[in-house]
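Examining the three-dimensional arrangement
Each chain, letter by letter, is given below.
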Amino acid sequence: GAKALALSLMADTSILTLDLSDNWLQGEGAAAIAEMLKENGYVSAIDLSDNKLGIEGAKAFSAMLLENTTIVSLQLSGNEFDDHAAEYLAAAITANSKVEILDLSYNMFGDKAGEILGMAIAENTGLKELKISWNHFHSQGAAALAKGLGANVFLKVLDVSYNGFGNNGAAALGEALKANNVLEELNVSNNRISVEGALHIAAGLKENKTLKRLNMTRNPMQSEGCCGVLKALQANSGTSIEILDLPDIPVNKELAELCDAVKILFPNLLLRRGGNMKLQRKSQSKVELQTRPKVVGNSQNAVA
């Protein structure tokens, strides 16, 4: 089926977005699609998530990315990519400067992949958004991945949620935030980051001038870690933070006072705990929330 489809798309000039997700194409099917994309200069976005591509698929698509110059968005989540597959993908990430959005989430990358991909990220000159959540990056691999972030000068959005970064990975992220002056969104939720790790990230936030959104939910940071992050923002008059998601933890007096102080200092900052709206924008009064017209649809700006 993949071969027949690839043949028909070889010279197609109309289809710009191709969604082949959840089809079990496997390595052989991936190879057929990859060969087609070497010839097709019109498809700019392709979704091949959940296709069991494996190592053969990673190899085929890496070879394709060394030749293709039109793909801007590539989704490869849930394809059983492991550390071996990372070696092929890293070569493509290093050499390809056209892909701007890459999704490698829900795979099987481990610490070795973190080292390999970290070096590739440092060398990449095109990626603007990278999703690599739900993998198996722990302290060593996480640190290597974060080190690559520190050296990258193009990436604006990074999602490493649901890994095992721990405090060592968080420390590396903190150092990366000191050096990186491009990243705008960072999701480190559910990464086993405790108080120590949160304080390392806070040290990076104290110097960072570009990060606009930080998600730290579902980490055992406790109130001490949350306070450290807020104090870092207090000390950084040049911070660009607009949205800060903290873990949903009981608020003690110190944390409550810090929240109030930070919201006075940065009135447009949106503080949220646990991904909800328990801490509202300071500028939004209860009256405004009660009288606001009901929003119909799935607008991200809707308030429950």
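Our structure's up above, just so we're on the same page.
What comes next is a walk through the structure. Small disclaimer: the values here were computed from a predicted structure and weren't measured.

What follows deals with empty space enclosed by the protein. Enumeration according to the criterion identifies two cavities of 30 Å³ or more in this entry. Lining the largest cavity are Leu-65, Leu-74, Ala-92, Ile-93, Asn-96, Val-99, Leu-102, Asn-124 and Leu-127. Taken as a whole, the second largest cavity encloses approximately 30 Å³ of empty space. Forming the walls of the second largest cavity are Leu-65, Leu-74, Leu-76, Leu-89, Ala-92, Ile-93, Leu-102 and Leu-104. A total of three residues in the lining of the second largest cavity trace back to one element, the largest contributor, which is helix α4 (residues 83–95).

With parallel pairing, the 10 strands of this open sheet are ordered in space as β1-β2-β3-β4-β5-β6-β7-β8-β9-β10. Where the open sheet ends on each side, the last strands, each with one partner, are β1 (17–19) and β10 (270–273). The mean angle between the axes of side-by-side strands here comes to 5 degrees, regardless of whether they run parallel or antiparallel. Across the face of the sheet, helix α9 (residues 222–235) comes into contact with β9 (243–246) and β10 while running at roughly 165 degrees to β9.

Next up on the list: α4. For α4, which comprises 13 residues, the first-to-last C-alpha distance of 19 Å matches the rise-based estimate of 18 Å (1.5 Å per residue) to within 8%. Ala-85, Ala-86, Leu-89, Ala-90, Ala-92 and Ile-93 are the residues of α4 that are buried. Taken together, the buried residues of α4 touch α3 (54–65), β4 (101–103) and α5 (111–123).

The subject of this paragraph is the pattern of salt bridges. Working definition: two side chains of opposite charge can pair if their charged atoms are close together. For the structure on display, the rule yields 10 salt bridges. Note that Lys-3 and Glu-28 form a salt bridge whose closest N and O atoms lie 2.8 Å from each other. Of the two residues, Lys-3 is situated in helix α1 (residues 2–9) and Glu-28 in helix α2 (residues 26–39); the sequence distance between them amounts to 25 residues. The exposure class of Lys-3 is exposed, given its relative accessible area of 53%. On the basis of relative accessible area, Glu-28 is assigned to the exposed category, the value being 56%. Lys-231 is paired through a salt bridge with Glu-254; the nearest N and O atoms lie 3.3 Å apart. Taken as a pair, Lys-231 in helix α9 and Glu-254 in helix α10 (residues 253–265) lie far apart in primary sequence, 23 residues in all.

When the terminal C-alpha atoms of α2 are compared, their 21 Å separation across 14 residues agrees well with the 20 Å that a helix rising 1.5 Å per residue should span. Of all the positions in α2, only Gly-27, Gly-29, Ala-30, Ala-32, Ile-33, Ala-34, Met-36 and Leu-37 are classed as buried. Those residues of α2 that are buried lie in contact with α1, β1, β2 (45–47) and α3.

With that settled, the discussion passes to the layout of surface pockets. Here the second largest pocket defines a volume of roughly 190 Å³. Lining the second largest pocket we find Glu-129, Lys-131, Val-157, Leu-158, Asp-159, Glu-185, Leu-186, Asn-187, Arg-213 and Asn-215.

A full pass over the atoms with the stated rule returns four aromatic pairs. When the centroid spacing of 6.4 Å and the interplanar angle of 20 degrees are considered together, the rings of Phe-109 and Phe-137 count as stacked. Of this pair, Phe-109 sits in the loop between β4 and α5 while Phe-137 sits in the loop between β5 (129–131) and α6 (139–151), and the two are 28 residues apart along the sequence. Judged by relative accessible area, Phe-137 falls into the buried class, the value being 0%. Each residue in the set Phe-81, Phe-109 and Phe-137 is aromatic and connected to the rest through ring pairs, giving one cluster. The ring of Trp-24 carries the charged tip of Lys-52 above its face, separated from the ring centre by 4.7 Å.

Take the packing of α9 against α10 next. Interaxial distance between α9 and α10 falls to 10 Å at its minimum, and their mutual angle equals 25 degrees. Judged by the inter-axis angle, α9 sits roughly parallel to α10. The handedness of the crossing between α9 and α10 is left-handed. Contacts from Ser-223, Cys-226, Cys-227, Leu-230, Lys-231 and Gln-234 in α9 reach Glu-254, Leu-255, Leu-258, Cys-259, Ala-261, Val-262 and Leu-265 in α10. Here the contact of α9 with α10 is composed, by residue class, of nine nonpolar, two polar and two charged.

A negative phi angle is the norm for most residues apart from glycine, just as the trans form is the norm for most peptide bonds. For Asp-22, which is not glycine, the phi torsion reads 60 degrees and is therefore positive. Structurally, Asp-22 is set in the loop between β1 and α2. Its identity as a non-glycine residue notwithstanding, Tyr-106 has a phi of 55 degrees, on the positive side. Exposure remark for Tyr-106: the relative accessible area of 49% places this residue in the partly exposed category.

Cut-offs used in this document
Residues numbered from 1 in each chain as written. Predicted model: local features only at pLDDT ≥ 70, side-chain atom pairs only at ≥ 80, totals over all residues. Heavy atoms only, no water. 1 Å grid on protein atoms, 1.4 Å probe; cavity = no way out; pocket = protein on both sides within 12 Å on 5 of 7 lines; lining within 4 Å. Points joined across faces, edges and corners; volume = space filled by probe spheres on them. Helix = DSSP H or I, 4+ residues; strand = E, 2+ residues; numbered from the N terminus. Pairing = 2+ DSSP bridges. Axes fitted to C-alpha atoms, helices over the stretch in contact; angles between N-to-C directions. Contact = heavy atoms within 4.5 Å. Expected span 1.5 Å × (residues − 1). Buried < 20%, exposed > 50% of the residue type's maximum accessible area, 1.4 Å probe, protein only. Salt bridge = Lys/Arg side-chain N within 4 Å of Asp/Glu carboxyl O. Phe/Tyr/Trp six-rings, centres within 6.5 Å; stacked < 30°, edge-to-face > 60°. Lys NZ or Arg CZ within 6 Å of the ring centre and 35° of its normal. Parallel < 35°, antiparallel > 145°, perpendicular 65-115°, else oblique. Left-handed = near helix turned anticlockwise from the far one by under 90°. Nonpolar A, V, L, I, M, F, W, Y, C, P; charged D, E, K, R; others polar.

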